[in-house]
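Chain by chain, the residues:
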Amino acid sequence: MTTWIVVGIVVLIGLWLIMTYNGLVGGRTQTQTAWSQIDVQLKRRHDLIPNLVQVVKDAMGYEQETLTKVVQARNNAVAASGPAQAGPAEAALSVATRGLMGLVESYPQLKANDNVKALQEELVSTENKIAFARQFYNDSVGSYNTRRQTFPAVLAAASLGFGPAELFAMPDSEKEVPKVALR
Amino acid sequence: MAGTANFVEAQAANRRSTMLLLALLTAIAAGFGYLIGWALQNETTDTFQVVSPLGLGLAAIMATASVGWSLISLAFGARMVLSMADATPVTKEQAPQFFNVAEEMSIAAGVPMPRLFVMDTDALNAFATGTSTHNAAIVATRGLLATLNRDELQGVIGHEMGHIANLDTRYMTIVGVTVGLIALVADMILRTLQWGSFNRDSDKKGNSGGGILIVVLIVVAIFAPLAAKAVQLAVSRQREYLADATSVQFTRNPQGLISALTKLDAAAKPFPGVSNATQHLFIVNPVQKITALTSALMATHPETADRIARLRNLGG
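Calculation notes
Residue numbers restart at each chain and count upward from 1, following the sequence in its written direction. To label them, take the chains in the order written and letter them from A, then take the ligands in the order written and number them from 1. In keeping with the model being predicted, local features are shown solely for residues with a pLDDT of at least 70 and side-chain atom pairs are shown and tallied solely at 80 or more, while totals for entire chains, interfaces and linings include all residues. The helix count covers DSSP runs of H or I at least four residues long, the strand count covers runs of E at least two residues long, and both are numbered beginning at the N terminus. To assign burial, the other C-beta atoms lying within 10 Å of each residue's own C-beta are counted, with C-beta atoms placed from the backbone; 20 or more indicates buried, 12 or fewer indicates exposed, and intermediate counts indicate partly exposed. Contacts are defined on C-beta atoms placed from the backbone: any two residues whose C-beta positions lie within 7 Å are in contact. When we talk radius of gyration, it's over C-alpha atoms, and the globule rule is simply 2.2 Å times the number of residues to the 0.38. For this scheme, ten residues count as nonpolar: Ala, Val, Leu, Ile, Met, Phe, Trp, Tyr, Cys and Pro. Four count as charged, namely Asp, Glu, Lys and Arg, and the remainder, Gly too, count as polar. The angle between two axes is taken between their N-to-C directions and runs from 0 to 180 degrees, where each axis is a line fitted to C-alpha atoms and a helix contributes only its stretch in contact. Any angle that is under 35 degrees is reported as roughly parallel, and any over 145 degrees as roughly antiparallel; angles of 65 to 115 degrees are reported as roughly perpendicular and all others as oblique. If you view the pair so one helix is near and one far, a crossing is left-handed when the near helix is turned anticlockwise from the far one by less than a right angle, and right-handed when it is turned clockwise. Strands are treated as partners if at least two bridges between them are detected by DSSP. In these notes, a nonpolar core means any group of buried Ala, Val, Leu, Ile, Met, Phe, Trp, Tyr and Cys residues linked to one another through C-beta atoms within 7 Å. Confidence of the predictor at the level of single residues is given by pLDDT, which spans 0 to 100.

Check the secondary structure of chain B and you find 10 helices and four strands. Counted from the first residue to the last, chain B has its helices and strands arranged as α-α-β-α-β-β-β-α-α-α-α-α-α-α. For chain B, the proportion of its 316 residues judged to be buried stands at 45%. Taking the contacts inside chain B whose residues are at least 6 apart along the sequence as the reference set, 71% of them involve residues at least 24 apart.

Written as structure tokens, this is what we have:
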């Protein structure tokens, strides 16, 4: 009788460990997938910006200060490695990109250009995707971290090798209104 | 943080309700089958029995039918709806902005990118279908893509992505099957009794216990389908509110959806590819004109003004 009770308890603990483990794996995988989504979109933005700059340059006939700023911010962002460096660099690039959008909006000959329009749509979409991917990533990190810190999972999380996940912060230079130099 | 938690919870709640509903549906179907068999058997024999072999047999048949019907609806529902709507698939080259906005919303929802379709009409509407996040599709009308600005389109696509992420289509499919089956069985009961009443006089007389039972059965057969339909519509309206809220969780911009709903409501009209069978799918009902009065009981959607009022509460 006692043997069976012991066996029962061991089986229950085993089942609980399996469920906790699977739950944590699910949460961690979601944060990793979400991070790779951000990465994909950041790369996409780095690829799009030179195209848009080139098209704008061609349409205007000269290189403007806003353009050099965007190119510089883009190169800084490409060079940044790891979330800690990437955060501020990408935030600065967001500001510079909005400056470029403002420039396009204020020049009728740019706004009417089909190539510019198509690239602008792509860039707006990529900006949104970065924002949404970040939102989803941070939400996933939040619920994963909550899960591994709540009782009873907290008893097993660390010994099963589940460390905390890091939030992706883009410092709030985003609220700053970009200045558009009209030559 | 509240963002994901809410629709992940809605998803879990819908999964639970779907299972519960499936069980309930099977139980109702089996119960009805048993009731019919039992009533028939007591009509034809003189001894009053509680356990009826005929009833058990019919119960088993009905239970199998309801499970089978549900599985078939889940497997083929999306394909049928898409062909009924006469929707054509589109690529990124054909509709870049539609594609981009849908991709943005799928990222915000953390679900795979759904297939995209366009209905060739100048009406403004959209719907989503698919019984899991992996086989989902979003359909928009050509008019919608041409008329709405980017923020409004994002609100509408966010609403549809909300239906997908919340697993509403799966849930509503099962609800639809439940209601259909109840209506079918009620119809069967009424027909059976009609047929039975012709030869009752000659067969036997004075079975008053059976007479009361028949009356109860008739009342149930008449009111059960109506009640089931009312429940289905109430659930449908709740899902619309929830999808609106989920859209705002994705876009963080209630204003886009508010302005889109205003335009869609003003332009709502029936168009080819819409029928009574599919009207409940669309973001704004294209067939029924919904007022405060109808939305209290028999409408597929809440009144648009009420949806907008709730969105304003979310900070629009």
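Structure's up, so let's keep going.
As a further point, take the overall build of chain A. In terms of helices and strands, chain A carries six helices and zero strands. Each helix (α) and strand (β) of chain A, taken in turn from the N terminus, gives the series α-α-α-α-α-α. In summary, chain A has a C-alpha radius of gyration of 24 Å against a globular reference of 16 Å for 183 residues, an excess of more than 25%. In terms of its C-alpha atoms, chain A occupies a principal-axis envelope of roughly 90 × 25 × 25 Å. Taken across its 183 residues, chain A has 33% of its residues classed as buried. Once local pairs closer than 6 in sequence are excluded, the contacts in chain A between residues at least 24 apart make up 79%.

In this assembly, 14 residues from chain A lie in contact with 12 residues from chain B. Looking at the side of chain A that touches chain B, the elements with two or more residues in it are α1 (2-60) and α5 (114-149) of chain A. A per-element tally of the side of chain A that touches chain B places α5(A) first, with 12 residues. Across the side of chain A that touches chain B, the residue classes tally to four nonpolar, seven polar and three charged.

What follows covers unusual backbone geometry. Cis geometry is adopted by the peptide bond preceding A:P152, which originates at A:F151 and carries an omega value of 5°. Looking at the element boundaries, A:P152 is found in the loop between α5 and α6 (153-157). Positioned with a positive phi, B:D86 is a non-glycine residue whose angle comes to about 55°. Relative to the assigned elements, B:D86 resides in the loop between α2 (53-84) and β1 (88-89).

All right, on to the packing of α1(A) against helix α2 (residues 65-79) of chain A then. When two helices pack together, their arrangement is given by the angle between the helix axes and by the axis-to-axis distance. All names here are of chain A. As a packed pair, α1 and α2 sit with axes 10 Å apart at the nearest point and diverge in direction by 165°. Classified by the interaxial angle, the pair formed by α1 and α2 is roughly antiparallel. The interaxial crossing formed by α1 with α2 has left-handed handedness. Touching H46, I49, V53, V56 and K57 of α1 are L67, V70, V71, R74, A77 and V78, all from α2. For the contact of α1 with α2, the residue count by class is eight nonpolar, one polar and two charged.

Next up on the list: the pairing of strand β4 (residues 137-141) of chain B. Residues and elements named next belong to chain B. Most of β4 sits out of view: five of its five residues are buried. Bridging between strand β2 (residues 115-119) and β4 involves five bridges; their strand directions are parallel. Looking across to β4, one finds that V118 is bridged to A140. Direction of pairing for strand β3 (residues 126-129) relative to β4: antiparallel, over a ladder of four bridges. Of the residues in β4, the one forming a bridge with A128 is I138.

This part is about the sheet that holds β1(B). Residues and elements named next belong to chain B. Taken in spatial order, the four strands of this open sheet run β1-β2-β4-β3, and their pairing is mixed. The open sheet has two edge strands, β1 and β3, and neither has a second partner. Together, β2, β3 and β4 form the strand contacts of α2, whose direction differs from that of β3 by roughly 155°.

All names here are of chain B. A large share of β2 lies buried, amounting to four of its five residues. Across two bridges, β1 lies against β2 in antiparallel orientation. By the bridge assignment, T88 is partnered in β2 with V118.

Another aspect to go through is the nonpolar core. A general tendency of soluble globular proteins is for nonpolar side chains to be buried together. All names here are of chain B. The biggest cluster of nonpolar side chains holds 63 residues, and the ones touching the most others in it are A126, I138 and V139. Every residue in contact with A126, bar those within four places of it in the chain, is listed here: I138, V139, A140, T141, L144, V156, E160, F282 and I283. Counting 26 residues, the second-largest nonpolar core is a separate cluster that includes A29, W38, M62 and V179.

Moving on, we come to the environment of B:L21. Residues and elements named next belong to chain B. Note that L21 resides in helix α1 (residues 2-44). On the neighbour-count criterion, L21 (18 C-beta atoms within 10 Å) is partly exposed. Separated by 136 residues in sequence, L21 and I157 place their C-alpha atoms 28 Å apart. If near-sequence neighbours (up to four positions away) are discounted, L21 is found in contact with I174, V175 and T178.

Residues and elements named next belong to chain A. In this fold, L12 is placed in helix α1. Residue L12 is classed as exposed on the basis of its 10 C-beta neighbours within 10 Å. For the pair L12 and I49, spaced 37 residues apart in sequence, the C-alpha to C-alpha distance is 56 Å.

Okay, the confidence of the model for chain A next. On average, residues of chain A carry a pLDDT of 82, and 90% of them reach 70 or more. Confidence drops under pLDDT 50 across residues 173-183 of chain A; counting only partners more than four residues distant or on other chains, this segment forms 19 contacts.

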